[in-house]
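# Observations on the model geometry
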Amino acid sequence: MCLSAIYITVASHNRIYSFLLLNTFLGYIPIEIAMHINSQKKTPVLVVLTVLWFLFYPNAPYVITDLFHLAMLNPYNSSTGLMEFNLHLWLKFTNLVTSALGCSLMGFWSLEHVADTILIKFKLWSKTNKIFLVSTLIIFSSVGIYIGRFLRLHTAYLFIDPKEVVSELIQMWNPRMLVFIGFMTIIQLIFYFSFDITRSSLSNNQELLAENNKQKEQ
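What you see is a predicted model; the values in this text were computed from it and never measured.

### As for the overall build of the protein
Of regular secondary structure, the protein possesses nine helices and zero strands. When its helices and strands are written in sequence order, the protein yields α-α-α-α-α-α-α-α-α. The dimensions of the protein, computed from C-alpha atoms along their principal axes, are 65 × 60 × 35 Å. Burial status across the protein gives 34% buried among its 218 residues. Here the contacts in the protein between residues at least 6 apart in sequence split such that 73% fall between residues at least 24 apart. Carbon and sulfur atoms make up 68% of the accessible area of the protein, which amounts to about 13500 Å² in all.

### Side note on the side chain of arginine 149
Summarising the element assignment, arginine 149 is placed in helix α6 (residues 127–150). Among the polar contacts listed, one links the side chain of arginine 149 to the side chain of threonine 65, at a separation of 2.8 Å. Sequence-distant contacts of arginine 149, defined by excluding residues within four places in its chain, comprise Tyr62, Thr65, Asp66 and His69.

### Here we look at helix α2 (residues 19–34)
It helps to recall that an α-helix has 3.6 residues per turn; residues three or four apart then point in one direction. Compared with an ideal rise of 1.5 Å per residue, which puts 16 residues at 22 Å, α2 spans 24 Å between its outermost C-alpha atoms and is within 8% of the ideal. Buried within α2 we find Leu20, Asn23, Thr24, Leu26, Gly27, Ile29, Pro30, Ile31, Ile33 and Ala34.

### As for the side chain of threonine 65
Inspection of the secondary structure puts threonine 65 in the loop between α4 (59–62) and α5 (87–121). When its relative accessible area of 9% is taken as the criterion, threonine 65 is described as buried. Here the side chain of threonine 65 touches tyrosine 62 through a polar contact of 2.6 Å, landing on its backbone oxygen. Non-local contacts of threonine 65, meaning those with residues more than four positions away in its chain, are made with Ile145, Arg149 and Met184.

### Considering the packing of α2 against α5
Contact pair α2 / α5: the axes reach a minimum separation of 9 Å and the direction vectors enclose 20°. When the interaxial angle is binned, α2 and α5 end up roughly parallel. Crossing of α2 over α5 shows left-handed handedness. Across the interface between the two elements, Phe19, Leu20, Thr24, Gly27, Tyr28, Pro30, Ile31 and Ala34 from α2 touch Asn95, Leu96, Ser99, Cys103, Met106, Gly107, Trp109, Ser110, His113 and Val114 from α5. Within the contact of α2 with α5, the residues separate by chemical class into eleven nonpolar, seven polar and no charged.

### A short note on the nonpolar core
Counting 21 residues, the largest nonpolar core has Ile33, Ile37, Trp53, Tyr57, Leu111, Val134 and Tyr192 as its most contacted members. When contributions to this core are tallied by element, the ones reaching two or more residues are α2, α3 (43–56), α5 and α6. With five residues, α5 is the largest single contributor of residues to this core. Excluding residues that lie within four positions of it along the chain, valine 134 makes contacts with Leu111, Ala115 and Tyr192. The next biggest cluster of nonpolar side chains, apart from the first, holds twelve residues, and it includes Val143, Tyr146, Ile147 and Met172.

### Focus on the packing of aromatic side chains
The relation between two aromatic rings is expressed through the spacing of the ring centres and the mutual angle of the planes. Across all of its chains, the model carries eight aromatic pairs by this definition. An aromatic cluster is present here, built from Tyr146, Phe150 and Phe180 joined pairwise through their rings.

### Details of the environment of leucine 67
Summarising the element assignment, leucine 67 is placed in the loop between α4 and α5. The exposure class of leucine 67 is partly exposed, given its relative accessible area of 30%. Considered as a pair, leucine 67 and serine 99 are 32 residues apart in the sequence and their alpha carbons are 9.3 Å apart. The contact partners of leucine 67, leaving out residues within four places of it in the chain, are Leu96, Val97 and Ala100.

### Quick notes on the environment of leucine 189
Relative to the helices and strands, leucine 189 resides in helix α9 (residues 175–217). On the basis of relative accessibility, which here comes to 24%, the residue leucine 189 falls in the partly exposed class. Distance from leucine 189 to asparagine 95, taken between C-alpha atoms, is 24 Å for residues 94 residues apart in sequence. Residues in contact with leucine 189, not counting those within four places in the same chain, are Ser135 and Ile138.

Reading guide: rules and limits
- Residues numbered from 1 in each chain as written.
- Predicted model: local features only at pLDDT ≥ 70, side-chain atom pairs only at ≥ 80, totals over all residues.
- Heavy atoms only, no water.
- Helix = DSSP H or I, 4+ residues; strand = E, 2+ residues; numbered from the N terminus.
- Buried < 20%, exposed > 50% of the residue type's maximum accessible area, 1.4 Å probe, protein only.
- Contact = heavy atoms within 4.5 Å.
- Areas by Shrake-Rupley, 256 points an atom, 1.4 Å probe, with all protein chains shown as cover.
- Polar contact = N/O pair within 3.5 Å; in protein donor to acceptor, adjacent residues only side chain to side chain.
- Expected span 1.5 Å × (residues − 1).
- Axes fitted to C-alpha atoms, helices over the stretch in contact; angles between N-to-C directions.
- Parallel < 35°, antiparallel > 145°, perpendicular 65-115°, else oblique.
- Left-handed = near helix turned anticlockwise from the far one by under 90°.
- Nonpolar A, V, L, I, M, F, W, Y, C, P; charged D, E, K, R; others polar.
- Core = buried A, V, L, I, M, F, W, Y, C linked by side-chain atoms within 4.5 Å.
- Phe/Tyr/Trp six-rings, centres within 6.5 Å; stacked < 30°, edge-to-face > 60°.

As structure tokens, then:
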């Protein structure tokens, strides 16, 4: 639905924001893969699906960095300095924010789902192990965001020209890159734990409602 809205309202009329189509599509791929991952699958199948998910997952939080393109909107009137009521600008704003939040939030769902599945499958589940695995995956995804944003390498390049990709990956490490990874990790951790707190709160509310309904029936 998000892809359709972007195509109809942006890409078909304004090529400047047509990148959202590709980025949103790539951000959706790990979400779709995660929907096919569960602990009931045979280990070889689960491993293959998990590896594919891992390779594509950074595309989901990557879309957050597209919010920098909001700077291109220039919503302020040059003479008054006030924000203009321009629906075309707000439409572009809506598409950028919808893509970023939709892919990242659903991406965090896939992150938690995959982490839970792996730990349950191999009988390693505990809160500590889950936090460690999720944090590790987030750090790796931050590296992936750097690769996509600054090296301009998409996941598909791993299959098209793996030798060149490996060469660039070896050469990319430097202090500034590590600081960027730290920034992206902080952002993702805040998003993830906010998501986790919200989910836990909703779950607690459901339990309270269920108990309240039982008491009424009695």
